[in-house]
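Fold and geometry: a report
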Protein chains: 2
Amino acid sequence: MADTQTRILLAERPQGLPGEDTFSVVSGPIPLPGPGEVLARTLLLSLDPAMRGWMDDRPSYVPPVELGAVMRSLAVGEVVRSENPAFAPGQRVAGLLGWQEYAALPAEELTPIPDGVDLPLALGPLGMTGMTAYFGLLEVGRPRTGETVLVSGAAGAVGSLVGQLAKIRDCRVVGIAGSDEKGRWLIDELGFDAAVNYKTTENLHAALRAACPDGVDVYFDNVGGETLDIALRLLNRGARVPICGAISGYNATEPPPGPASYLSLLVNRARMEGFIVLDYADRYGEAVEAISRWIAEGKIQARFDIVQGLENAPAALLKLFDGSNRGKLMVRVTER
Amino acid sequence: MADTQTRILLAERPQGLPGEDTFSVVSGPIPLPGPGEVLARTLLLSLDPAMRGWMDDRPSYVPPVELGAVMRSLAVGEVVRSENPAFAPGQRVAGLLGWQEYAALPAEELTPIPDGVDLPLALGPLGMTGMTAYFGLLEVGRPRTGETVLVSGAAGAVGSLVGQLAKIRDCRVVGIAGSDEKGRWLIDELGFDAAVNYKTTENLHAALRAACPDGVDVYFDNVGGETLDIALRLLNRGARVPICGAISGYNATEPPPGPASYLSLLVNRARMEGFIVLDYADRYGEAVEAISRWIAEGKIQARFDIVQGLENAPAALLKLFDGSNRGKLMVRVTER
């Protein structure tokens, strides 16, 4: 084990897209775990749209990342030293290790990864990504057999799982994505019924109406903006709109407009509801069990876009915002 | 009984506020009730913000009023002739009699008004107004003891009932209204805990935050617009936002902006939900019973703003939109 490690700090709060000055790469000591703590070596970082929100100095469901602190990031790692009997060296763990090679954390903040689980799966369908899709769709969206489920960011890590879960629930599933290649993947590989390329369609409203001839019963929103507004106009009576994110506006320098068509909720007795996956922590086990079974049965697939090298994390993060990632975006920190 | 009657037709779809050319007053025959129908003489018309939406040629929860048709309106009347054994002459009824002196309607579309009920009550707390407040607050808003309930349009017919129902549920109740007189009425007469005059306060967000020191658990929205946007920023975790209406935008000639702060729903795991009172028709009896009891106990009060004369209905309707009505707005069509 080396004496020093590389860490990436939040140097400056970005206006708009994170840029060259947003982060600083520094060398620092490897911490010693305190009493009850565990020192983990980072193996794989998860890059998620929500991280953009953590960079803003604004109250949210978690506090902002402090300026000068290591950039917060979900990750999987391997225990290298433990001051807690719950973890032994070699154990693989998931937690908020951050953009650094080594992190010392209280054992309660780490989740063990069972043997035999591929690490990318532990950050994807079996990690927060999967939990978000599972509870957001099934508990907030509550799709019923035969209903139409529309999902935006459909080729993204969460969206692609939402669509597959909705197919397992025997729904008609329509995905909104930003390229024809993504649309083909959704239909040909994941079993979506239809896909709409929002970047090339001339009239998104007409295209979605055509793809959802029976209207929309659940609109699972990852993007916000104009897409949300148009989707609201397609809601059926009693529809549910889980709000998972709003990536279209995360880098806006002015507050994006709200959904002008929100009164569709009134006319259609529909509901728009936010959720935070952390609230379902006591039920993660149930979701992991179900999703593991569906993966084994071939009903759930995931693809991963893995970038090499911690130092490339800042640039890789931008792929989420231009849509150039293909599947769940991660950074491999160490070769294992 | 005269041979002819006065009727007010929708002559033109208004752009913005209804004006001189929106309606035409005509003289026409008094219809004969067909088989199964009832002829009712209109006594009192209800004027409601939703009527503005009915004038637009836009799909909604009810079809638009046709051009050249009698303006749709809830009303109470008295049966003068009946071709249905369920109703006898002299029986008082509520239904969509419209802006006319006499209406022939199928008996199923009429609700009998029990003897002893004052007619204004039958259009107010014991009518659709009361049903809207009761089911919107209690079924969609679901306030719990000690929570803070914020209501806009608080001195309006629905809003003033919502606040009183929330007090019965032992909530802290804050009303938003458009004059200090209204605010005093809410606090001194109806028992609201606080009131904010949105027309004179310099900073509505700061004023509401001060009036709701523990945040907002239920925001019952009658107005939409900037008030909704500001209220969303005050939501507590798990808050509910019943959407009853959006009067601030009903006469807009451009689509009003949506609530830019809707992501507060995500951060706070909150829910914004529309409802239509008609969906609760099979439970009106329960609500009428409860509200009647609360009226008898002095826990619910209503005030009425009754304009004389059918021909004054078009001008009276505008009082809803400039806020000059004081209580539930009605038009007395015949002296009784």
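Look up a bit, the structure's there.
In what follows, the accompanying structure is described.

As a further point, take the pairing of strand E10 (residues 194–197) of chain A. Residue and element names in this part refer to chain A. Pairing of strand E9 (residues 172–177) with E10 involves four bridges; the strand directions are parallel. Bridge assignment links glycine 175 to a residue of E10, and that residue is alanine 195. Taken together, E9, helix H5 (residues 180–189) and E10 constitute a β-α-β crossover, and its handedness is right-handed.

Right, let's get into the sheet that holds strand E13 (residues 271–274) of chain A. Strand pairing in a sheet is mediated by backbone hydrogen bonds. Such pairs are either parallel or antiparallel. Overall, mixed pairing links the twelve strands, which are arranged E10(A)-E9(A)-E8(A)-E11(A)-E12(A)-E13(A)-E13(B)-E12(B)-E11(B)-E8(B)-E9(B)-E10(B) in an open sheet. Two strands close off the open sheet at either side, each with one partner strand: E10 of chain A together with strand E10 (194–197) of chain B. Averaged over all pairs of adjacent strands, the angle between strand axes in this sheet comes to 15°, irrespective of strand direction. Where helix H7 (residues 225–232) of chain B meets the sheet, it contacts strand E8 (148–152), strand E9 (172–177), strand E11 (216–220), strand E12 (235–243) and strand E13 (271–274) of chain B, and its direction lies at approximately 155° from that of E12(B).

Residues and elements named next belong to chain A. Its twelve residues give helix H4 (residues 157–168) an end-to-end C-alpha distance of 17 Å, which sits within 8% of 16 Å, the value for a rise of 1.5 Å per residue. The buried fraction of H4 amounts to nine of the twelve residues, a majority that puts the element mostly inside the structure. Among the residues making up H4, those that are buried are Val158, Gly159, Ser160, Leu161, Val162, Gly163, Gln164, Leu165 and Ala166. Contact partners of the buried residues in H4: helix H3 (128–141), strand E8 (148–152), E9, H5, strand E11 (216–220) and helix H9 (284–296). Positive phi shows up at aspartate 170, right after H4, with a value of about 60°.

Residues and elements named next belong to chain B. Among all positions of helix H6 (residues 204–211), only Leu204, His205, Ala207, Leu208 and Ala211 are buried. Looking down the long axis of H6, one finds its buried residues gathered within 165° of arc, a one-sided arrangement. Looking at the packing, one finds that the buried side of H6 touches E8, E9, E10 and H7. Capping of H6 at its N-terminal end is provided by asparagine 203; its side-chain oxygen lies 3.1 Å from the backbone amide nitrogen of histidine 205.

So, how was this worked out
Residues numbered from 1 in each chain as written. Chains lettered and ligands numbered in written order. Predicted model: local features only at pLDDT ≥ 70, side-chain atom pairs only at ≥ 80, totals over all residues. Heavy atoms only, no water. Pairing = 2+ DSSP bridges. Helix = DSSP H or I, 4+ residues; strand = E, 2+ residues; numbered from the N terminus. Right-handed = clockwise from strand over helix to strand, strands pointing away. Axes fitted to C-alpha atoms, helices over the stretch in contact; angles between N-to-C directions. Contact = heavy atoms within 4.5 Å. Expected span 1.5 Å × (residues − 1). Buried < 20%, exposed > 50% of the residue type's maximum accessible area, 1.4 Å probe, protein only. Arc of directions from axis to C-beta. Polar contact = N/O pair within 3.5 Å; in protein donor to acceptor, adjacent residues only side chain to side chain.

Any functional reading would require information beyond the geometric quantities listed.
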